[in-house]
Amino acid sequence: MSQTEQVLEETCGSVRIYTLNRTKQLNALSFAMISRLLELFHACDHDPSVKLIIMKGNGRAFCAGGDVAAVVRDISKGDWKLGANYFRKEFTLNYLMATYSKPQVSFLNGIVMGGGAGASIHGRFRIATENSVFAMPETALGLFPDVGASYYLSRLRGFFGEYVGLTGARLDGAEMLACGLATHFVPSKKLSLLEEELRKVDSFDATIISSIISQFSQYPSLKANSAYNRLHIIDKCFSRKTVEEIISVLESKAVEHKDEWITSTVQTLKKASPTSLKISLRSIREGRLEGVGECLVREYRMVCCVMKGEVSRDFFEGCRALLLDKDKNPNWQPSRLECVTDEMVDRHFSKVDDIDWEDLKLPPRSNLPVHAIAKL
């Protein structure tokens, strides 16, 4: 399938509509898709006739993430920099979206995970529906929440971002709206009517666009068992300094409250890659004090360390167990949190020791984001 078939393009007056179109792969972002989106966003950025970008996905997903299986196959050819190049382009696209001069509206009607979050959450408007399923499931894969997740997760209320990032918890559309990952909630049956109205837009003004979306928006109630109703417990546990302390406090709360949700959260954390958990927690904590560009530059260092595989091979093992062999039984090394040393964690945050390697170089941008995700 060509680039133009993987990303469908439509022009409607001042509006550009881009549709992710790899339905069998749940619109997982291929290198070709990322490259094409970069071209399209760059072109529209410099085109005064373009006022609004609409992003959506065909099928039952907006985008289920990056095509990491393809990345692993590339690296298996013997050059980890093939994988690094994929993330370099993806992170550059994330930065372009986060600093874009024109509003981006993303229809998140279905699965929004990993790289799919990076291609939407950085935009100005994110519309959830009753079909939305959001997650950053990287710790189960031996990776970490990337695509600028340390920026937007760290800006959620309290320590909800640490909870979502470490556990890979799945959020529905109502939860996405409540925590700020979505800016609006629109029932899926109304999306076509909303899109019809947005196609008529001839303005850069975010207030005008927001008022149009609001005409179709609702404020759904959270389900009784929603994790967002447990913010008091999440804040007490996920505010701890280390992953070991987080799990310890959760275990004590599980005994105290006899709450199945807490027990399930502990089990999820214990199944994840210990190395991934530790670097993910530090990444989100550092993200609190950094701009989106700084987060992406640091995450690129981290992902290059993961791709190189000298500190840990957990990413390759996670992909094997969950995506390739699908035995769902990864053999993490180290297998216990206490065996993941501070030095191992530090190496993920340092420049990669390779003569040909360079830090991520982001293009100069004037439209730096000033909003906090949760306050949109």
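Residues numbered from 1 in each chain as written. Predicted model: local features only at pLDDT ≥ 70, side-chain atom pairs only at ≥ 80, totals over all residues. Heavy atoms only, no water.

1. Quick look at the sheet that holds strand β2 (residues 15-20)
So the rule is basically this: Paired strands, as defined in this entry, are two strands with at least two bridges between them according to DSSP. The helix and strand labels rest on DSSP assignments: H or I over at least four residues marks a helix, E over at least two residues marks a strand, and numbering proceeds from the N terminus.
The six strands are arranged β1-β2-β3-β5-β7-β10 in an open sheet whose pairing can be described as mixed. On the outer flanks of this sheet lie β1 (7-12) and β10 (184-185), each paired with one strand and no other. Strand direction decides the pairing type here: strand β3 (residues 52-57) and strand β5 (residues 104-108), joined by three bridges, are parallel. Paired with Ile53 across the strands is Gln104, a residue of β5.

2. As for the layout of surface pockets
The line we're drawing: Cavities and pockets are found on a 1 Å grid laid over the protein atoms alone: a cavity is a set of points where a 1.4 Å probe fits but cannot escape, a pocket is an open set with protein on both sides within 12 Å along at least five of seven lines, and a lining residue has an atom within 4 Å of such a point. Grid points are joined across faces, edges and corners, and a volume is the space filled by probe spheres set on the points.
Space inside the largest pocket adds up to approximately 820 Å³. If you trace the largest pocket, you find 33 residues lining it, with Ala64, Met113, Pro137, Leu141 and Leu323 closest to the centre. Of all the elements in the fold, those that place two or more residues in the lining of the largest pocket are α3 (68-75), α4 (80-98), β6 (111-113) and α16 (314-324). Broken down by element, the lining of the largest pocket gets its largest block of residues, three residues, from α4.

3. Let's talk about the packing of helix α7 (residues 160-167) against helix α13 (residues 260-271)
To keep it simple, the criterion reads: Axis definition: a line fit to C-alpha positions, over the contact stretch in the case of helices; interaxial angles, taken between N-to-C directions, run 0 to 180 degrees. Any angle from 65 to 115 degrees is called roughly perpendicular, while one under 35 is roughly parallel, one over 145 is roughly antiparallel, and all others are oblique. Residues count as neighbours in contact if any of their non-hydrogen atoms are within 4.5 Å of one another.
At a closest axis distance of 9 Å, the pairing of α7 and α13 adopts a crossing angle of 55 degrees. The orientation of α7 relative to α13 falls into the category oblique. Facing α7, whose interface residues are Tyr163, Leu166 and Thr167, α13 presents Trp261, Thr265, Thr268 and Leu269.

4. What to know about the packing of α4 against helix α15 (residues 292-308)
So the rule is basically this: By convention the crossing between two helices is left-handed if the near helix lies anticlockwise of the far one by an angle smaller than a right angle, and right-handed if it lies clockwise.
The N-to-C vectors of α4 and α15 enclose an angle of 165 degrees; their axes lie 9 Å apart at closest approach. In terms of axis orientation, α4 runs roughly antiparallel to α15. In terms of crossing hand, the pair formed by α4 and α15 is right-handed. Contacts between α4 and α15 pair Trp80, Gly83, Ala84, Phe87, Arg88, Phe91, Asn94, Tyr95 and Ala98 from the former with Val292, Gly293, Leu296, Glu299, Tyr300, Val303, Cys304, Met307 and Lys308 from the latter.

5. A look at the side chain of Asp45
Using the following cut-off: Contacts described as polar in this section are N or O atom pairs within 3.5 Å, which, within protein, must combine one atom able to donate a hydrogen with one able to accept it, while residues neighboring in sequence count only if both atoms come from side chains.
With respect to the helices and strands, the residue Asp45 is situated in helix α2 (residues 31-45). Of note is the side chain of Asp45, whose polar atom sits 2.5 Å from the side chain of Ser101.

6. Focus on empty space enclosed by the protein
Note the threshold: Classification convention: Asp, Glu, Lys, Arg as charged; Ala, Val, Leu, Ile, Met, Phe, Trp, Tyr, Cys, Pro as nonpolar; all other residues, Gly among them, as polar.
Enumeration over the complete set of coordinates arrives at two cavities of 30 Å³ or more. Roughly 50 Å³ of volume is contained in the largest cavity. Taken together, Gly142, Thr275, Ser276, Ile279, Val306, Ser312, Asp314, Phe315 and His348 make up the lining of the largest cavity. Here the lining of the largest cavity takes three residues from helix α14 (residues 274-287), the largest share from any one element. Residues of the lining of the largest cavity, tallied by class, amount to three nonpolar, five polar and one charged.

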